[in-house]
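Observations on the model geometry
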Amino acid sequence: MMLARAIHFDESDMNVFHSPARTGEWCITGGFEFSNWTEGDLTGKARQAFSNGWLGAETFGRVTFVATAQIEQTEIDTLTTQLARHFVDIYGAPSIEAATPVAAEEISQMMDICAEHEPNTVMTIARELTDAGVKESIRIIESQDASLDMFAVHGD
């Protein structure tokens, strides 16, 4: 089974998100956070989170890049419980029991996205508001094969 982990190539996420995700934490798309947003909500760091932030499923911070990785069932179970608790605490779900199937579906959707990719595949997400709601697009960043000739210095 595959899911995505937060990765950082530099410190920019620490500056562009209100709450940055922790490097290595498991992530989901987290688009549910924006389900009732309008253009008026898209300002500053909130706009950045909406435009290209994955949701860390442990800290509930945002991150720009994720990479696919193997996950164990026990980790999925823990994440599902954490996300269900988040739905109760932040979004007013009536109970953990009511929120658990929704949390499990969010994680399952992310696992489906990751399933078709090799481990360590880097992904980004882009969102836009449309008349029908939030549209998400996921981009895969392919690794480039580099030849030693590109880096070697040749001399006589």
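Not measured: the values here are computed from a predicted model.

Attention now goes to the overall build of the protein. Helices and strands together make up the secondary structure of the protein, namely four helices and seven strands. Walking the protein from its N terminus toward its C terminus, one meets helices and strands in the order β-α-β-α-β-β-β-α-α-β-β. Counting only C-alpha atoms and orienting by the principal axes, one finds that the protein spans roughly 75 × 40 × 30 Å. In the protein, buried positions account for 40% of the 156 residues. In the form shown here, the protein has an accessible surface area of approximately 9000 Å², with 51% of it arising from carbon and sulfur atoms. Here the protein holds 9 positive side-chain charges and 25 negative ones, and the gap between their average locations is 7 Å.

Looking now at the environment of Ser95. Within the secondary structure layout, Ser95 lies in the loop between α3 (73-91) and α4 (96-115). For Ser95 and Ala84, which are 11 residues apart along the polypeptide, the C-alpha to C-alpha distance reads 8.3 Å.

Nonpolar side chains tend toward joint burial in soluble globular proteins. Counting 32 residues, the largest nonpolar core has Leu3, Trp54, Ile107 and Met110 as its most contacted members. Of all the elements in the fold, those that place two or more residues in this core are β1 (2-7), β2 (26-28), β3 (54-56), β5 (65-70), α3, α4 and β6 (122-130). For this core, the element with the highest residue contribution is α4, accounting for seven residues. Apart from residues no more than four positions distant in its own chain, Leu3 is found in contact with Trp26, Cys27, Ala67, Thr68, Ala69, Ile71, Leu79, Ile107, Met110, Met111 and Cys114. One finds Phe34, Trp37, Leu42 and Ala46 within the second-largest nonpolar core, a separate group that totals seven residues.

Here seven strands make up an open sheet; going across it, the order is β4-β3-β2-β1-β5-β6-β7 and the pairing antiparallel. Both outer strands of the open sheet, β4 (62-63) and β7 (133-141), are each paired with one neighbouring strand and no more. Pairing geometry for β1 and β2, over two bridges, is antiparallel. Across the sheet, Ala4 pairs through a bridge with Cys27, a residue of β2. Against the sheet, α4 contacts β1, β2, β3, β5, β6 and β7, and its axis sits at roughly 90° relative to β1.

Conventions used here
Residues numbered from 1 in each chain as written. Predicted model: local features only at pLDDT ≥ 70, side-chain atom pairs only at ≥ 80, totals over all residues. Heavy atoms only, no water. Helix = DSSP H or I, 4+ residues; strand = E, 2+ residues; numbered from the N terminus. Buried < 20%, exposed > 50% of the residue type's maximum accessible area, 1.4 Å probe, protein only. Areas by Shrake-Rupley, 256 points an atom, 1.4 Å probe, with all protein chains shown as cover. Lys, Arg positive; Asp, Glu negative; His and termini not counted. Charge placed at Lys NZ, Arg CZ, Asp CG, Glu CD. Core = buried A, V, L, I, M, F, W, Y, C linked by side-chain atoms within 4.5 Å. Contact = heavy atoms within 4.5 Å. Pairing = 2+ DSSP bridges. Axes fitted to C-alpha atoms, helices over the stretch in contact; angles between N-to-C directions.

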